[in-house]
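# Close look at the chain arrangement
Spelled out, the chains give:
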Amino acid sequence: MKRSLAPGVCMGRCIQKPGRSPKLRDCGACSPAEVGSVHTILRTRARCLPWAPREASVAAGRYGSRPSSWKHTVGFVLQTVAALLAMLLVPRFAFAHRGSDAYLQVALNRQRVQIVVELSVRDLDSVFAFAPAQETMVRWQDIDTQRSQLIEYVRAGVQVSGCVLEPNLADEDANSGRPQTQPYPVERSDGISLQFDIRFTCSENQSESHKLHYALIFERNAEHRALVTVRAGGEISNAGPGVNLGEQISVLDRKTRELELVPEAPLSAWATLRSMLRDGFLHILNGPDHLAFLLVLLLPSVLLARRFSQRTEPQTSLRAVLVDVAKVVTAFTVAHSFTLSASALDLVVLPSQLVETTIALSVMLAAINNVSQKVAMHRWPIAFILGLIHGFGIAGTLDDASLRGSNKALALLGFNVGVELGQLACVAVLVPLLFALRKHRLYQPVVVVLGSLLIFVVATVWALERATNTVVFR
Amino acid sequence: VEPLHEEPEPTTAKPSDRPRRTFGWKEYALLVVVLLGVVIFRKSHTAGQGRLQLAPTAVVLDRAQKAAPLSGSSVPGVPAGESASGSRAELALWQSHRQRANEPKATAEIRLAAARFAIDRFRTEGDPRVLGEAQVWLDQVAKTEPVAVRVQALTLRATCEQSLHRFGAALALLEEATALDPAYDQAWLLQASILTLQGKYEEARASCKKLSDTIELRYRALCHESIYAMQGKATDAFTRLSAVVEAARIANTGEKAYFLGTLGELAQRSAHAPGNDARGLRLIEQSLTLNPRDPYVLCLWADTFLQAAPVVDVLSSASLAPDAERLTEMNRIAQRLASQRDHDAVLLRLALAEQAQSKLSKDNPTTNYREELRTRFLVAKRRGERVHLREEAWFALDVERDVAMALTLAKENFAVQKEVTDAWLLFRAAKTAGKVEEASSAADWLQRSQCEDPRLEPWRKTP
């Protein structure tokens, strides 16, 4: 889940072959210089689009938000376990016209200010005239030739008083893993936008408040607006979801170009707990791999397990089923709470690719255990051991910003409890359903065996994808 | 020992007292088959996509989104020929206008022409971005001499403000323009139309009287008769204006379409006069034959059906009797308007038709205009824009069924603009909410203006 799949990289090369749809093999891996810089046609859905540059995943680090590929992952799971996971469906629509909006996400730390500026290509086109006159399309090549001017333009148009713009590390320090001020393409409902990550170093004088000054696009569009969200602490990752509809937004227009950057008041203990509860809850519901794992563990819980040599039969009492489920869920919970806390408190740090790949492997293992039952008779030990790995994965999505400050323990507790509640919600939906189905003659062969096999296949794909940092399916 | 296999076929299950392997070669074979199937499926899937997307690999902007289905002609470097649709050609034209106007040394003429093109484009396409760009050019021109050029720029600038429903700002600009050059008729015409929209009929008439003597009769007639039509004299206004328009023999298709649309509206308003009801729809249809993409006339056409009592009853769930005729009407609206759905006002009509369709046919709609429109309103609100109060109010009333919200919005909207639809919405929202007194502003207006319109008839009797 922490794979940072940059939407659209290294298409520059794919485009080179006219008259043919780009294929994976036409593209090749991206050189560091191309990372996040080469822009592409997201609409074409060419196969080479989602190549994840290694650098981007490192850069996104533990802040890596769930990349756009989760949609297709979810989509794939939906195809396989459609009915059970239908709650993950997220409606998406595109519409053509929007006002000229820029999105500014500001992260305010004591001595540093990070601003992710998102500008639509259409707006930038009015300034840079990427395409030659009479041309109705803008090609990446057109943008790329003006890349350095583009970066300079954005860096000059966004200022923070009392702070100094940090030098652009793009060229000299491409491998350091630090985010760079390179245009980073994202797909929005009205077309492609470019994100620019710019950073400021601020004086230590704490009493001084910082003022954001924004002056982009206005010279070409009188109706341009900058929609600004400010948050205290933390870091913003590229390819994030942008600004949510529900967030607190300040609007800058041609006349009011300045904004006092006031960090949000620290959250109260209750508010912290609540928001972390929600985060944890949503994390489970949005994470197809955790759900798949849970599903695999729950499928046989309504069957009466005997020794290897014997045919399994439906459980007779609900109580036995619940005891079994409780064992599995508790083992999973205890295990991942343990590693989640350890990881969040930086006691143990594992590379995210390793963790994510192992999670996929764990799902494979659990699935195959349902089919062959050769690995373990009891499922709770599996749940416990694999839960340890899942804990690291869950911690990856935990936002550092929310763990900063005085309520660290509380925030961690809230997140943990949220994760449990999310799990219990799934269990509450699944177990009665499975219990009702258990006596059906097709339950075992179709639901348990075939279902596990399907999840096994999906998990295999996940494991391959994560291990090789590619996307097999879109 | 004969291995037993767990097959999807329950018939193969054997008595359970024998030892068995549950994951044998058959399962592995099954696994391979499933994997192969998935791979093949994805392959064929992506191959199909590849073919579709062969040509437009270079499209990154959706500037071209509304162009014809991307075909071979859109391969970069190949000039768009006959196969290119009008909108693609228009796009190229816009692009060249824009680039020329953006040059530092562009003349006032170039910038004015580009701004006119942009305003036109906003009207037909509903793309708000172009309006912002036009304003920049106009502001540049408005600073220059001579006066004749500045006045044009100010008036066009006012048109931009009016398009964004900032009527106060538009009137202020027009004030400036008319003071600079009282002989510039375009400014007076625009001023009169904004004042009419605001319900200030006497002031609007004063603006019409300022029109110069040399102006063509049809414009003068349009200015005056539009005001009369709001003051209870729609029948006369229609008769007089149609005589003038007929005599004028307008050659320009766009202008002719405009006048036909206006006449159609007047005819509908004076529907009580014999023959005018059918005449209204006919004129609107004629206008659409000449200019099928004018969103204003398209909405006018759709509203003929959407504001008719049977459909209103369906939308408000008052009557859900099967009605094949209404369903056909709604289907026609959906078909005709779909291509112009980028326009918020058009999208609202589509959402209304979608709602009525699904209620009449008891099917779930295949489209999702409702969700799309909802998002658009949210996005506009986030920007701090309230351009489409009328549409929002109507949406809240008939699609979302949020009566309290509809009433608030309808009141807010009626404070800004006072056309028949605005009053009709406020009356309906107030009645649905059970607070007839909330529509007092509309009732006062109706009392004062004596505006005639079949839609307003039910409300005239119960003030």
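Structural notes, computed from the coordinates. Position numbers for residues start from 1 in each chain and track the written sequence from start to end. Chains and ligands are labelled by the order in which they are written, letters from A for the one and numbers from 1 for the other. In keeping with the predicted nature of the model, local features appear solely for residues at pLDDT of at least 70, side-chain atom pairs appear and are counted solely at 80 or more, and the whole-chain, interface and lining totals rest on all residues. Only hydrogens and water are set aside when side-chain values are computed; all heavy atoms of the structure are taken into account.

### Digging into the sheet that holds strand β10 (residues 258–261) of chain A
All names here are of chain A. A pair of strands counts as paired when DSSP detects no fewer than two bridges linking them. By definition, any uninterrupted DSSP run of H or I lasting at least four residues is a helix, any uninterrupted run of E lasting at least two residues is a strand, and each is numbered from the N terminus. Within the open sheet, the three strands sit side by side as β3-β7-β10. Their pairing is antiparallel. This sheet does not close on itself; its edge strands, each paired only once, are β3 (158–160) and β10. Direction aside, the axes of adjacent strands within the sheet are offset by 20° on average. In this structure, β3 lies alongside strand β7 (residues 210–214), joined through three bridges in antiparallel fashion. Bridging across to β7, Gln 159 finds its partner in His 213. Inter-axis angles, ranging from 0 to 180 degrees, are taken between N-to-C directions of lines fitted to C-alpha atoms, where helices are fitted over the stretch in contact.

### Considering the pairing of strand β8 (residues 225–232) of chain A
Residue and element names in this part refer to chain A. Of all eight residues making up β8, six are buried, and the element is well covered by its neighbours. Here strand β1 (residues 101–108) pairs with β8 via eight bridges, running parallel. The partner of Ala 102 across the bridge, within β8, is Ala 226. In the sheet, β8 pairs with strand β9 (residues 250–252) via three bridges, with the strands oriented antiparallel. Pairing of Ala 226 across the sheet is with Leu 252, part of β9. Three exposure classes are used, based on accessible area relative to the maximum for each residue type with a 1.4 Å probe and protein chains only: buried under 20%, partly exposed in between, and exposed over 50%.

### Quick look at unusual backbone geometry
With phi around 60°, His 165 of chain B is a residue other than glycine that occupies positive phi space. Residue placement: His 165 of chain B occurs in the loop between α5 (147–163) and α6 (167–180).

### Points about the nonpolar core
One finds Trp 301, Met 330, Ile 333, Leu 337, Phe 427, Trp 445 and Leu 456 of chain B to be the most contacted residues of the largest nonpolar core, which totals 84 residues. Looking at this core, the element that brings in the most residues is helix α16 (residues 344–361) of chain B, giving ten residues. Ranked by size, the runner-up nonpolar core spans 54 residues in total, among them Leu 303, Leu 340, Ala 383 and Ala 395 of chain A. The criterion is simple. A nonpolar core is a set of buried Ala, Val, Leu, Ile, Met, Phe, Trp, Tyr and Cys residues joined through side-chain atoms within 4.5 Å.

### A look at helix α8 (residues 201–209) of chain B
Residues and elements named next belong to chain B. Inspection of α8 places Tyr 201, Ala 204, Arg 205, Ser 207 and Cys 208 among the buried residues, and these make up the whole buried set. Looking straight down α8, one finds that the buried residues subtend no more than 155° of arc, so they occupy a single side. Set apart from the buried face of α8 by more than 90 degrees, the exposed residues are Glu 202 and Lys 209. Note that the arc is computed from the directions linking the helix axis to the C-beta atoms.

### Focus on the pattern of salt bridges
Salt bridge, as applied in this entry: a Lys or Arg side-chain nitrogen positioned within 4 Å of an Asp or Glu carboxyl oxygen. Within the structure shown, the criterion is met by 42 salt bridges over all chains. For Arg 98 of chain B, the salt bridge goes to Asp 125 of chain A, with nearest N and O atoms at 2.8 Å. With Arg 98 of chain B in helix α2 (residues 86–102) and Asp 125 of chain A in helix α5 (residues 121–128), this pair bridges two chains. Across the pair, exposure class does not vary: Arg 98 of chain B and Asp 125 of chain A are buried alike. Among the salt bridges present, the one from Glu 125 of chain B reaches Arg 293 of chain B, with a minimum N-O distance of 2.7 Å. On the criterion of sequence distance, the pair formed by Glu 125 of chain B in helix α3 (residues 108–125) and Arg 293 of chain B in the loop between α12 (276–290) and α13 (295–306) is long-range, its members being 168 residues apart. Among the residues examined, Arg 293 of chain B registers a relative accessible area of 28% and is labelled partly exposed. Here the salt bridges do not stand alone but share partners, grouping Asp 101, Glu 223, Arg 225 and Arg 254 of chain A together with Asp 139, Arg 157, Glu 161, Arg 166, Arg 383 and Glu 385 of chain B into one network.

### Concerning the state of the cysteines
Residues and elements named next belong to chain A. Disulfides are defined in this document as cysteine sulfur pairs within 2.5 Å. Inspection of the entire model under this criterion finds two disulfides over all chains. Covalent S-S linkage joins Cys 163 and Cys 202, the inter-sulfur distance amounting to 2.1 Å. The disulfide joining Cys 163 to Cys 202 has a torsion of about 100° about its S-S bond and is therefore right-handed. Within this pair, whereas Cys 163 is found in strand β4 (residues 163–165), its partner Cys 202 is found in strand β6 (residues 191–202), the two being separated by 39 residues in sequence.

### Remarks on helix α19 (residues 403–416) of chain B
Residues and elements named next belong to chain B. Taking 1.5 Å of rise per residue, 14 residues should cover 20 Å, and α19 covers 20 Å from first to last C-alpha, within 8% of that figure. Taken together, the buried positions of α19 are Ala 406, Leu 407, Leu 409, Ala 410, Asn 413 and Phe 414. In this analysis, two residues are considered to be in contact whenever any of their non-hydrogen atoms come within 4.5 Å of each other. Along its buried surface, α19 packs onto α18 (389–399), α20 (420–432) and α21 (440–449). Any helix carries an expected span of 1.5 Å times its number of residues minus one.

### A look at the environment of Leu 298 of chain B
Residue and element names in this part refer to chain B. You can see Leu 298 is positioned in helix α13. Leu 298 sits 51 residues away from Arg 349 along the chain, and the two C-alpha atoms are 9.4 Å apart. For Leu 298, the residues in contact, after removing those within four places along its chain, are Leu 288, Pro 292, Arg 336, Leu 337 and Gln 340.

### So, the packing of aromatic side chains
For Phe, Tyr and Trp, where Trp contributes only its six-membered ring, two rings pair if their centres lie within 6.5 Å, and the inter-plane angle classes them as stacked under 30 degrees, edge-to-face over 60, or tilted in between. This structure, assessed with the given rule, holds 13 aromatic pairs over all chains. Between Phe 414 of chain B and Trp 445 of chain B, the ring centres sit 5.8 Å apart and the planes meet at 80°, which makes this aromatic pair edge-to-face. In this pair, Phe 414 of chain B sits in helix α19 while Trp 445 of chain B sits in helix α21, placing the two residues 31 residues apart along the sequence. A relative accessible area of 0% places Trp 445 of chain B in the buried class. Site record: aromatic cluster; members linked through ring pairs are Phe 128, Phe 130 and Tyr 153 of chain A. Working rule: Lys NZ or Arg CZ, within 6 Å of ring centre, within 35 degrees of ring normal, means a charge sits over the ring. Sitting above the plane of the Trp 301 of chain B ring, Arg 336 of chain B keeps its charged end 4.6 Å from the centroid. Above the face of the Trp 424 of chain B ring, Arg 428 of chain B is positioned so that its terminal group lies 4.8 Å from the ring centre.

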